[in-house]
Amino acid sequence: MPEGDTIFRTARTLGRAFIGKPVTVFRSTYPLLTRFNDDTPLAGQTVDRVEARGKWLLIAFSGGGILASHLLMNGRWHIYRHGERWQLPRFHMRIVIENSDYQAVGFRVPVAEMHTARSLAQNTRIPRIENDLLNAEFDAEAALERLMARPDETIADVLLDQEVLAGVGNVFKSEICFVNGLHPYRKTGTLTRDEAAAAIACAQRLLKANVLVDSGDTIVTYRSQQRRTTHASDPTASLWVYGRAGDPCRRCGELIRRRIQGTDARVTFWCPQCQPMPDGSDVDG
Ligand SMILES: [Zn+2]
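Keep in mind that this is a model prediction, so the values were computed, not measured.

Asker: Help me understand the overall build of the protein chain in this model?
Answerer: In terms of helices and strands, the protein chain carries seven helices and ten strands. Relative to the compact-globule value of 19 Å for 285 residues, the protein chain shows a C-alpha radius of gyration of 21 Å, a close match. In terms of overall dimensions, the protein chain has a C-alpha envelope of 65 × 45 × 30 Å along the principal axes. Taken over 285 residues, the protein chain has a buried fraction of 49%. Partitioning the intrachain contacts of the protein chain with sequence separation of at least 6 by distance along the chain shows that 61% fall at a separation of at least 24. Accessible surface computed for the protein chain: about 13900 Å², of which carbon and sulfur atoms make up 50%. Computed over 36 positive and 33 negative side-chain charges, the separation of the two mean positions in the protein chain equals 5 Å.

This is the structure we're talking about:
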């Protein structure tokens, strides 16, 4: 599942290749996009903006159309120079946008729709710009209010809720809870305002750090004291708890636990020692 930092990097790369340049070709396997393009050809328009909104990628064209795509589990945008060989099979192609230098290919993009600024503002599934942790317009105070307004939900579930914070995926969820010493099953109503604000600040910091490092899809929240001489092939080597069930906690040595959590049945990892429940109760891992 691409997390907010992955979408952000995709948006940044697409922006560098496409912003300000005229589109030469637009193609899609989606009938609604094809029809939009027939009525209002995108070829000849320029790309004005490319931005991430949580897990949505928005491409705004000079004619006013905004292509919103959601990558869900397997969707990817690749950029190629003309004539370069695609790294995924042609039948996975859903959208192609070209300019004189580059070709952007949306592979297995399961959700793609055309919006106007107006329909985008009215859309409740695509997060608002000020909810996006990686956007300069992110409003931490408003995010804190939204988080505190869900006192009966667990902190892990609320962190994943894109209407509260846009950008946190399942890996970051467990990592943010660990870094803040919060048991993932704690109801947000048991958090102090300071604890909740710290969790939000941490989410922003971890996502931003991962946008800066050129780590591909590998998420880095933990850095070993020892320099690695060989390339780490284990993606969990750079994480505190995610994917480390049964391994010793990097802080205290207690064994990391794992459990399926929430209505969406997402896997959660935590250290029972570093992330205790305030009342001393525990959840079987
Ligand atoms: Zn621990």
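Still more ground to cover, so stick around.
Asker: Would you explain the sheet that holds strand E4 (residues 66-70) in this entry?
Answerer: Strand order in this open sheet of four strands is E2-E3-E4-E8, and the pairing throughout is antiparallel. Lying at the two open borders of the sheet, with one neighbouring strand each, are strand E2 (47-53) and strand E8 (111-115). Across the sheet, the axes of successive neighbouring strands diverge by a mean angle of 15 degrees, strand direction being ignored. The strands that helix H1 (residues 4-18) touches are E2 and strand E3 (56-61); relative to E2, the one it contacts most, it runs at about 175 degrees.

Asker: Would you take a moment to explain unusual backbone geometry for this structure?
Answerer: Excluding glycine, most residues fall at negative phi; most peptide bonds, likewise, are trans. Notably, Arg108 is not glycine yet its phi reads approximately 50 degrees, a positive angle. Within the fold, Arg108 resides in the loop between strand E7 (102-107) and E8. In the Ramachandran plot, Ala265 falls in the positive-phi region, its phi being about 50 degrees despite a non-glycine side chain. Residue position: Ala265 is located in the loop between strand E9 (257-261) and strand E10 (266-270).

Asker: Would you mind going over H1 with me for this structure?
Answerer: Since the α-helix advances by 3.6 residues per turn, residues separated by three or four positions end up pointing in the same direction. Between the first and last C-alpha of H1 there are 21 Å, a value that for 15 residues agrees with the 21 Å anticipated at 1.5 Å per step. Summarising burial for H1: eleven of the 15 residues are buried, a large majority. Among the residues making up H1, those that are buried are Gly4, Asp5, Thr6, Ile7, Arg9, Thr10, Ala11, Leu14, Gly15, Ala17 and Phe18. Following H1 by one or two positions, Gly20 adopts a phi angle in the positive range, close to 85 degrees.

Asker: Explanation requested: the coordination of the zinc ion in the structure shown.
Answerer: Put simply, a metal with four donors set out as a tetrahedron has ideal angles of 109.5 degrees, and one with six donors set out as an octahedron has ideal angles of 90 or 180 degrees. Bound to the zinc ion are the protein donor atoms Cys249 (SG), Cys252 (SG), Cys271 (SG) and Cys274 (SG), situated 2.2 to 2.3 Å from the metal. Relative to the metal, the four donor atoms surrounding the zinc ion lie at angles of 99 to 114 degrees, and the coordination shape comes out tetrahedral. When the donor residues of the zinc ion are listed from N- to C-terminus, their spacing reads C-x2-C-x18-C-x2-C. Here Cys252, found in the loop between helix H7 (193-212) and E9, pairs with Cys274, found in the segment after E10; they are 22 residues apart in sequence, far enough to count as distant. Among the residues examined, Cys274 registers a relative accessible area of 22% and is labelled partly exposed.

Asker: Help me understand the packing of aromatic side chains, please; the structure alone is not making it clear to me.
Answerer: When we look at a pair of aromatic rings, we describe it by the centre distance and by the angle of the planes. Tallied over the entire structure, the rule returns five aromatic pairs. Between Trp86 and Phe107, the aromatic rings sit 5.6 Å apart at their centres with planes inclined by 85 degrees, giving edge-to-face as the arrangement. Within this pair, whereas Trp86 is found in the loop between strand E5 (76-81) and strand E6 (93-98), its partner Phe107 is found in strand E7, the two being separated by 21 residues in sequence. We classify Trp86 as buried; its relative accessible area is 12%. Note on Phe107: relative accessible area 0%, which makes it buried. Joined through ring pairs, the aromatic side chains of Tyr80, Trp86 and Phe107 make up one cluster.

Asker: Looking at this structure, how should I read the sheet that holds E7?
Answerer: Remark on secondary structure: sheet strands pair via backbone hydrogen bonds, oriented parallel or antiparallel. Across the sheet, four strands lie side by side as E1-E6-E7-E5; this open sheet has antiparallel pairing. Both outer strands of the open sheet, strand E1 (25-28) and E5, are each paired with one neighbouring strand and no more. Across the sheet, the mean angle separating the axes of adjacent strands is 15 degrees when strand polarity is ignored.

Asker: Teacher, can you tell me more about the nonpolar core here?
Answerer: Most often, soluble globular proteins have nonpolar side chains that are buried together. Counting 25 residues, the largest nonpolar core has Leu165, Val168 and Ile176 as its most contacted members. Here this core takes eight residues from H7, the largest share from any one element. Of all hydrophobic cores here, the second largest spans 24 residues; its members include Val23, Ile59, Trp77 and Ala112.

Asker: It is not clear to me how the packing of helix H6 (residues 170-179) against H7 should be interpreted in this structure. Could you clarify?
Answerer: How two helices pack is summed up by the angle between their axes together with the distance between the axes. Two elements in contact, H6 and H7, have axes separated by 10 Å at closest approach and are oriented at 125 degrees. Classified by the angle between their axes, H6 and H7 sit oblique to one another. Crossing hand, H6 versus H7: right-handed. Of the residues in H7, those touching H6 at Phe172, Glu175, Ile176 and Val179 are Ala199, Cys202, Ala203, Arg205, Leu206, Leu207 and Asn210. Considered class by class, the residues forming the contact of H6 with H7 number eight nonpolar, one polar and two charged.

Definitions and cut-offs
- All chains use their own residue numbering, which begins from 1 and follows the written sequence.
- A pLDDT threshold of at least 70 governs which residues receive local features in this predicted model, and a stricter bar of 80 or more applies before side-chain atom pairs are shown or counted, although totals over entire chains, interfaces and linings include all residues.
- By convention in this description, side-chain values take in all heavy atoms of the structure and omit both hydrogens and water.
- Here a strand is any run of E in DSSP of at least two residues, a helix any run of H or I of at least four, and the numbering for each starts at the N terminus.
- The atom set for the radius of gyration is the C-alpha atoms, and the globule formula is 2.2 Å times the number of residues raised to the power 0.38.
- Buried residues are those whose accessible area, probed at 1.4 Å on protein chains only, stays under 20% of the maximum for their type, while exposed residues exceed 50% and partly exposed ones sit between those limits.
- By definition, residues are in contact when any of their heavy atoms lie within 4.5 Å.
- Per-residue and other accessible areas were derived by the Shrake-Rupley procedure at a 1.4 Å probe size, with only the shown protein chains allowed to occlude residues.
- Here the positive residues are Lys and Arg and the negative ones are Asp and Glu; neither His nor the chain ends is included.
- Charged side chains are reduced to one point each, which is NZ for Lys, CZ for Arg, CG for Asp and CD for Glu.
- Two strands are said to pair when DSSP picks up at least two bridges between them.
- Inter-axis angles, ranging from 0 to 180 degrees, are taken between N-to-C directions of lines fitted to C-alpha atoms, where helices are fitted over the stretch in contact.
- For a helix, the expected span equals 1.5 Å multiplied by the number of residues minus one.
- Each metal's donors are the N, O and S atoms found within 2.8 Å of it, except that Na, K and Ca use a 3.2 Å limit; water is left out, so coordination can look incomplete.
- Any coordination sphere not matching a tetrahedral pattern (four donors, all angles between 85 and 135 degrees) or a square planar or octahedral pattern (four or six donors, opposite donors over 155 degrees apart, other angles between 65 and 115) is reported as irregular.
- Pairing of aromatic side chains here covers Phe, Tyr and the six-membered ring of Trp, requires ring centres within 6.5 Å, and sorts the geometry by plane angle: under 30 degrees stacked, over 60 edge-to-face, intermediate tilted.
- Here, nonpolar core means buried Ala, Val, Leu, Ile, Met, Phe, Trp, Tyr and Cys residues that are tied together by side-chain atoms lying within 4.5 Å of each other.
- Here is the rule for angles: anything less than 35 degrees is roughly parallel, anything more than 145 is roughly antiparallel, 65 through 115 is roughly perpendicular, and the remaining ranges are oblique.
- We call a crossing left-handed when the near helix sits turned anticlockwise from the far one by less than a right angle, and right-handed when that turn is clockwise.
- Residue type decides the class: Asp, Glu, Lys and Arg count as charged, Ala, Val, Leu, Ile, Met, Phe, Trp, Tyr, Cys and Pro as nonpolar, and the leftover types, Gly among them, as polar.

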